[in-house]
Amino acid sequence: MKLFKLIDNFIVKLEEFILSYAVIIIALMVVGKALSRAIFSYTPPFADEVSQIAIVVATFMGISYAARKGRHISMSAFYDLAPFKARKVLSILIPLVTSIVLFLLTYYSALYVVNVYEDGTVTSALQMPKYYLYLFIPIGFFLGGVQFLRNMWINIKDRDAVYLGTDAKDYNDKEKEEIVEETHL
Amino acid sequence: MVATLLTIMVVLLLLNFPMMIPLMVAPLIVMFIYFPNLDPMILMQQFSTGIEPYVLLAVPLFIFAADIMTTGKTSNRLLDFIGSFIGHIRGGYAVTTAAACTLFGAISGSTQATVVAIGKPMRERLLKIGYKDPTAMALIINSSDVALLVPPSIGMIIYGLVSGTSVGDLFIAGIIPGIIVFLSFAIYSIVYAKVANIPLANKATWSERWQLTRKAILPLGFPVIIIGGIYTGLFSPTEAAGMSVLYAFVLEVLIYRSIHIKELPKIARSTGLVTSAVFVLVAGGQAFTWVISFARVPQMISEAVLGADPSAVYVLLMVTIFFFVGCMFVDPIVVILVLTPIFYPAAMDAGIDPVHLGVVITFQAALGSATPPFGVDIFTASAVFNKPYLEVIKGTPPYIVMMVAISILLIFFEELSLLLL
Amino acid sequence: ACGGDEGGSADGGEGSSGETYDWRFVTEEVDGQVQYEYAEEFAKRMNEKSDGAVNIDVYEFGGLGSETDQVEQLQNGAVELAVMSPGFTGNMVKEGQIFALHFLFPDSVEKTQEILNDSEALNTDLRERYEEFSISPLSYWTEGAMQWTSSGTALEEPADFQNFKMRTQTSPLILESYRAYDAEPTPMSWSELYTALDRGTVEGQENPIFFIGDASFYEVQDYMTVSNHNNYVAMTTVNTEWYEGLNDEMKTMVDETVQEMQQWVFDEQKAQNEEWLETIRNDEENPTEIVELTEEQRQMFKDKAMPVRDFYRENVSTVDGEILDKLQEEISAATE
Ligand code: NA
Ligand code: NA
């Protein structure tokens, strides 16, 4: 239990770090490029590429963080109208299917990474192996899949409430600390 | 095949799956059923292609700038300043929102960036004075549409390339329809404010106004930097998004000291979260587009519909319907790329002016970003305001009705686009 | 085209005993532009020659993702044929960047096309490099010479490039090519280019004339220099395994059609480029002064561009510039 919690804490910190600095890097690159061109008449050729790498990394590494925070966009119209029992069933079924899909996508995107690795393609400005960038896609899908499994687990353990998507009962929030303690994997 | 695709998507969507799942799974299933020889890794490639376009960078940047401004003092100072001039007027805030979105959209060229940059501060104020949330959000996402109609419109640049039409002419032709859209939204806002009986603020005195103006002097540097920077060629529209982050940073962290530099990563993290929630959908949308294009669905349907020797009005009607429906499911820019070549030859045969066709098409694309179920502006609003999808779209029908009515006007009166040329 | 994806009996088969073939041909351009017109004509001819047995669906740019995506789709057999420009494969097949070198090919586009047709360096050596990645280039052809457009200054000699903000791609070789003229190479995404040229964020760009016309760039530029500094080269490519698996009859038919198309596409690009040149010249609302380089001016650029070839040999080529050396010999033999 302790170990899981440690790993989980590490992963949250990592996700938060990546999301924060991806955004900050984009800002630095775009501002730096514009200022450098305007002031020094020099355009750093890597600026656009670094920003684009940051956006891909943030997008895919954000999947699990958004799942953790219940921030994925969904259409909850019918779900909201459903009786508690139905919602409870769905709250277990949906994260389950979602995580299966994400694991499937992990598999295909890992194959894609291998493919790009074998071709030895590099990025055009930095001449950096392109698979470095794509590596974040399977990692992001995988962590997302794990996170949805966890959402499912919490819904199985806690019989009185529903934790899902836009209900945004966020079990990572400080005030709900006790739920995390009780239901942690 | 289309039926399979849509059924899977709609069922998963209604069951309250995270929207990325239907968008990513439907193309995968279609591939398994109809193209078993294809390697599904193509779709993985499309995920990353979907989010790589450079102009998309404006979205996280404007979110970041808006997050900094709303956390600190800038946005309230700006809004108090605006409020002192229009707060006592019926529908004043709503019309100001529409105007700000139109202006900002025209400058930034990005509907999503407009939703964030104007929507984030304006929505709070609209709620505070008594607007219901769906109304406020619908006003914001629909007013942001105009970004695609007024220069420098990325939609028109793409149409210009695909069709070989003059981009300069297209820019000019979009002006009148853009103004008509703004005016309709403004009139609707005033009427709405009257019917819903939105309370008015007391008229501010000139000395109050002067006080608030002084406080807003530095924040007013934002429009100066963005508009001035783009029009003098100092920065591109995407870079202006970056400059707005820099300016927000300078104001809040260095001058007002309302935000400590250590808080920035936390603000950036929230920006990153919102960006990710929106961009996974853009990624999925690209994979969806790939399957549709690969199976040549647009060609099949259009061949069936157009027939031999159609009249100009009929072609324009079909263009309107096809682009409208296309934009319901796919990103508008992609729709322009994919559908324009299919309809362009028939339109030319029917004697339609290529510039007018471009305006009709761009108009649908503009509407498309705010039309459910796949509307990037809706996703953006849902993520940025942290509101359920349905809540975001609840208020949109009146706007869609207005936009459709203007579409019909455009079909019959090509002068609306060609008058200024 | 919806049901089934047999990719047209790519397994070979016995011959013309009523077999049908459904292939896909993807291009990097849209309807009306050179590559797309090429693919349509190619499809039409294959269909006629095979008495309707070969059906080729032509895909224009847009729906199938970026140019590099399309390269990967050819590699893994999702599409059988593709027109691609070596520029978009340059980060995989490094040698392909050879076409980005300035003033390598002669001023005459016609002569350039002859070299593209006959060069062993390209049609054998470079092709082998591509085949390592399952891409077989069956032919190389020009879509027209690349020209410079500019605002403010006409680009007539290297000195005009001093501190000139030139929009380029990001590849190190292209950056080096413009640094050789002391220009400020400024990478900028295509989607922002029209606005950037209009507002002066960047001052110039390079493209073949038909593209400068199609994308309306001339509307926001004052000058167009007919520099012919290099050619926009495209390749007709096929998936290697698929091609090797074709039966003899089909293979011959493909090869023949590829050969015939060389003259056709030369005429097509010539017609398009000439037509756009006239349109640009005669557009009085958006006046663009058209500048022709003298032999001397061309030589001045060429002198500055020569050292970039060493950059190519040392930093780009994986075979120490062997293909370039051979191509240079072929070019000098052809131009003497
Ligand atoms: Na839509
Ligand atoms: Na001009």
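Cut-offs applied
- Position numbers for residues count from 1 along each chain, tracking the sequence in the order it is written.
- Following the order in which they are written, the chains are lettered starting with A and the ligands numbered starting with 1.
- Side-chain atom pairs in this predicted model are given and counted only at pLDDT of 80 or more, local residue features only at pLDDT of at least 70, and totals for whole chains, interfaces and linings cover all residues.
- Only heavy atoms go into the side-chain values, all of them from the structure, while hydrogens and water stay out.
- Secondary structure counts use DSSP, requiring at least four H or I residues in a row for a helix and at least two E residues in a row for a strand, with both numbered from the N terminus.
- The cut-offs for exposure are 20% and 50% of the maximum accessible area for each residue type, with area from a 1.4 Å probe on protein chains only; residues under the lower value are buried, those over the upper are exposed, and the others partly exposed.
- Contact criterion: two residues are considered in contact whenever any of their non-hydrogen atoms come within 4.5 Å of each other.
- For the area figures, the Shrake-Rupley method with a 1.4 Å probe applies, and any residue is considered shielded solely by the protein chains shown.
- In this analysis a donor is any N, O or S atom within 2.8 Å of a metal ion (3.2 Å for sodium, potassium and calcium), and since water is not included, sites may seem incomplete.
- Expected helix span is given by 1.5 Å per residue-to-residue step, counting one fewer step than there are residues.
- Whenever Lys or Arg places a side-chain nitrogen within 4 Å of a carboxyl oxygen from Asp or Glu, that contact is recorded as a salt bridge.
- Polar contact criterion, stated in full: a pair of N or O atoms within 3.5 Å, where within protein one must be able to donate a hydrogen and the other to accept it, and residues adjacent in sequence count only if both atoms are side-chain atoms.
- Note on residue categories: nonpolar means Ala, Val, Leu, Ile, Met, Phe, Trp, Tyr, Cys or Pro, charged means Asp, Glu, Lys or Arg, and polar means any other residue, Gly included.
- In this description, a line fitted to the C-alpha atoms serves as the axis of each element, helices being fitted only across the stretch in contact, and the angle between N-to-C directions of two axes falls anywhere from 0 to 180 degrees.
- In this scheme the handedness of a crossing depends on how the near helix is turned from the far one: anticlockwise by less than a right angle means left-handed, clockwise means right-handed.
- When two parts are put together, the accessible area they lose, computed with a 1.4 Å probe and summed over both, is reported as buried area.
- UniProt positions are given in the numbering used here, feature names are shortened, and annotations may be inferred rather than shown by experiment.
- Between rings of Phe, Tyr and Trp, where Trp is taken as its six-membered ring, a pair exists when centres lie within 6.5 Å; planes separated by under 30 degrees are stacked, by over 60 edge-to-face, and by other angles tilted.
- The criterion for a charge sitting over a ring is simple: Lys NZ or Arg CZ within 6 Å of the ring centre, and within 35 degrees of the ring normal.
- Patches here are clusters of residues that have more than 30% relative accessible area and form no salt bridge, with a 9 Å joining cutoff for like charges and a 5 Å cutoff for nonpolar side chains (Val, Leu, Ile, Met, Phe, Trp, Tyr).
- Every residue carries a pLDDT, the predictor's confidence in it, which falls somewhere between 0 and 100.
- Orientation categories follow fixed angle ranges, with anything under 35 degrees roughly parallel, anything over 145 roughly antiparallel, 65 to 115 roughly perpendicular, and all other angles oblique.

### Quick word on the overall build of chain A
For chain A, the count of helices and strands is seven helices and zero strands. For chain A, the sequential pattern of α-helices and β-strands runs α-α-α-α-α-α-α. For chain A, the residues scored as buried account for 57% of the 185 residues in total. Of all intrachain contacts in chain A linking residues separated by at least 6 positions in sequence, the fraction that spans at least 24 positions is 74%. Within the structure as shown, chain A displays about 8,300 Å² of accessible surface, and the carbon and sulfur contribution to it stands at 70%.

### Here we look at the coordination of the sodium ion (ligand 1)
Residues and elements named next belong to chain B. The sodium ion (ligand 1) binds to the protein through Cys327 (O), Gly368 (O), Thr371 (O) and Phe374 (O); the donor distances cover 2.2 to 2.5 Å. Each donor residue of the sodium ion (ligand 1) belongs to the same chain, and together they define the spacing C-x40-G-x2-T-x2-F. Of the residues examined, Phe374 reaches a relative accessible area of 5% and is grouped as buried.

### Thoughts on the coordination of the sodium ion (ligand 2)
Residues and elements named next belong to chain C. Within the first shell, the sodium ion (ligand 2) binds the protein through Tyr218 (O), Gln221 (O), Pro287 (O) and Thr288 (OG1), at distances of 2.2 to 2.8 Å. Between consecutive donors of the sodium ion (ligand 2), the numbers of intervening residues give the motif Y-x2-Q-x65-P-T. When sorted by exposure, Tyr218 lands in the same class as Gln221, which is buried.

### As for helix α16 (residues 264-294) of chain B
All names here are of chain B. For α16, built from 31 residues, the straight-helix expectation of 45 Å at 1.5 Å per residue is met to within 8% by its first-to-last C-alpha distance of 44 Å. Of all 31 residues making up α16, 27 are buried, and the element is well covered by its neighbours. Directly after α16, the chain includes Arg296, whose backbone phi takes a positive value near 55°.

### Let's talk about helix α8 (residues 119-128) of chain B
All names here are of chain B. Counting buried positions along α8 gives seven out of 10 residues, so the element sits mostly inside the fold. When we look at burial in α8, the residues that qualify are Gly119, Lys120, Pro121, Met122, Arg123, Arg125 and Leu126. Buried residues in α8 make contact with α4 (58-71), α5 (74-86), α6 (92-108), α7 (111-117), α9 (133-144) and α21 (376-384). Two residues or fewer past α8, Gly130 is found with a positive phi of approximately 115°.

### Comments concerning the pattern of salt bridges
When charged atoms on two side chains of opposite charge get close, those side chains can pair. For the structure on display, the rule yields 30 salt bridges over all chains. Of the charged contacts in the structure, one is a salt bridge between Glu15 of chain A and Arg68 of chain A, with a shortest N-O distance of 3.4 Å. With Glu15 of chain A in helix α1 (residues 2-40) and Arg68 of chain A in helix α2 (residues 47-68), the pair connects residues that are 53 residues apart, well separated along the chain. Of the two residues, Glu15 of chain A and Arg68 of chain A, neither departs from the other in class, the shared state being buried. With a shortest N-O distance of 2.9 Å, Arg313 of chain C and Asp325 of chain C are connected by a salt bridge. Here Asp325 of chain C lies in helix α11 (residues 322-335) and Arg313 of chain C lies in helix α10 (residues 295-316), a separation of 12 residues in the sequence. Taking the relative accessible area as the measure of exposure, Asp325 of chain C reaches 29% and is therefore partly exposed. Sharing partners across several salt bridges, the network here consists of Glu41, Lys44, Arg45, Lys49, Glu256 and Glu260 of chain C.

### Considering the environment of Tyr312 of chain C
Residue and element names in this part refer to chain C. Relative to the helices and strands, Tyr312 is located in helix α10. On a C-alpha basis, the gap between Tyr312 and Asp57 in space is 37 Å, while along the polypeptide they are 255 residues apart. Setting aside its immediate chain neighbours within four residues, Tyr312 contacts Lys94, Glu95, Gln97, Ile98, Leu101, Leu173, Ser317, Gly321 and Leu324.

### Details of the interface of chain C and chain B
With 41 residues of chain C at the interface, the matching set in chain B holds 46 residues. Measuring nitrogen to oxygen at the nearest pair gives 3.8 Å for the salt bridge that ties Asp57 of chain C to Arg296 of chain B. Scanning the region where chain C abuts chain B turns up 19 residue pairs in polar contact (both at pLDDT 80 or more). For the side of chain C that touches chain B, the secondary-structure elements that each account for two or more residues are β2 (54-59), α2 (67-75), α6 (190-199) and α7 (209-214) of chain C. Ranked by residues supplied to the side of chain C that touches chain B, first place goes to α6 of chain C with six residues. Looking at side-chain class alone, the side of chain C that touches chain B contains 14 nonpolar, 14 polar and 13 charged residues.

### Section: the packing of α6 of chain B against helix α14 (residues 221-231) of chain B
Residues and elements named next belong to chain B. Running from amino to carboxyl end, α6 crosses α14 at an angle of 35°, the nearest separation of the two axes being 10 Å. In terms of crossing hand, the pair formed by α6 and α14 is left-handed. Judged by residue contacts, Leu103, Phe104 and Ile107 of α6 engage Ile226, Ile227, Ile230 and Tyr231 from α14. Here the residues of the contact of α6 with α14 are counted per class, giving seven nonpolar, no polar and no charged.

### Focus: the interface of chain A and chain B
At the junction of the two partners, chain A supplies 57 residues and chain B supplies 57 residues. Approximately 5,200 Å² of surface area, both sides summed, lies buried where chain A meets chain B, with 76% of it carried by carbon and sulfur atoms. Looking only at chain A, the three residues that lose the most surface to chain B are Arg71, Ile73 and Met75 of chain A, adding up to 17% of its buried area. Inspection of the region where chain A meets chain B yields three salt bridges.

### What about the UniProt feature "transmembrane region" (unreviewed entry) in chain A?
Residues and elements named next belong to chain A. In the UniProt entry, the feature "transmembrane region" (unreviewed entry) is given for residues 21-40, 52-68, 89-111 and 131-149. Secondary structure content for residues 21-40 is 100% helix and 0% strand, and the end C-alpha separation is 26 Å. In the segment residues 52-68, helix accounts for 100% and strand for 0%; the C-alpha atoms at its two ends are 25 Å apart.

### Quick look at the packing of aromatic side chains
Enumeration according to the criterion identifies 46 aromatic pairs over all chains in this entry. Ring centres of Trp148 of chain C and Phe161 of chain C lie 5.0 Å apart, and the angle between their planes is 85°; this geometry places the pair in the edge-to-face category. Taken together, the residues Trp148 of chain C in strand β4 (residues 135-150) and Phe161 of chain C in the loop between β4 and β5 (165-168) connect sequence positions 13 residues apart. Accessibility expressed as a relative area gives 0% for Trp148 of chain C, which makes it buried. On the basis of an interplanar angle of 80° and a centroid distance of 5.9 Å, the ring pair of Tyr178 of chain C and Tyr181 of chain C is categorised as edge-to-face. Residue Tyr178 of chain C is classed as buried on the basis of its relative accessible area, which comes to 0%. Note on Tyr181 of chain C: relative accessible area 1%, which makes it buried. Here Arg209 of chain B stacks its cationic end above the ring of Trp206 of chain B, 4.6 Å away from the centre of that ring. When the ring centre of Tyr59 of chain C is taken as reference, the NZ or CZ atom of Arg296 of chain B above it lies at 4.8 Å.

### A short note on a nonpolar patch on the surface
All names here are of chain B. Nonpolar side chains collect at one region of the surface, where Ile172, Ile175, Ile179, Leu183, Ile187, Val191, Val195, Leu419, Leu420 and Leu421 lie side by side and expose about 920 Å² of accessible area between them. Here the nonpolar patch takes six residues from helix α12 (residues 175-195), the largest share from any one element. Here Ile172 is to be found in helix α11 (residues 167-173). Given a relative accessible area of 34%, Ile172 falls into the partly exposed group.

### Thoughts on the side chain of Thr98 of chain A
By secondary structure assignment, the location of Thr98 of chain A is in helix α4 (residues 84-119). Exposure remark for Thr98 of chain A: the relative accessible area of 0% places this residue in the buried category. Excluding residues within four positions of it along the chain, Thr98 of chain A makes contact with Phe148 of chain A together with Phe17, Pro18 and Ile21 of chain B.

### Brief notes about the confidence of the model for chain A
Put simply, chain A has an average pLDDT of 85, and 88% of its residues get 70 or more. Scored below 50 in pLDDT, residues 170-185 of chain A makes 31 contacts in the model with residues more than four places away or belonging to other chains.

### Quick notes on the packing of α4 of chain A against helix α3 (residues 41-51) of chain B
Viewed as axis vectors pointing N to C, α4 of chain A and α3 of chain B meet at an angle of 85°, and their least axial separation amounts to 8 Å. Compared by their axis directions, α4 of chain A and α3 of chain B come out roughly perpendicular. Contacts from Leu105, Tyr108, Ser109, Leu111, Tyr112 and Asn115 of chain A in α4 of chain A reach Met41, Met44, Gln45 and Phe47 of chain B in α3 of chain B. Among the residues forming the contact of α4 of chain A with α3 of chain B, the class breakdown is seven nonpolar, three polar and no charged.

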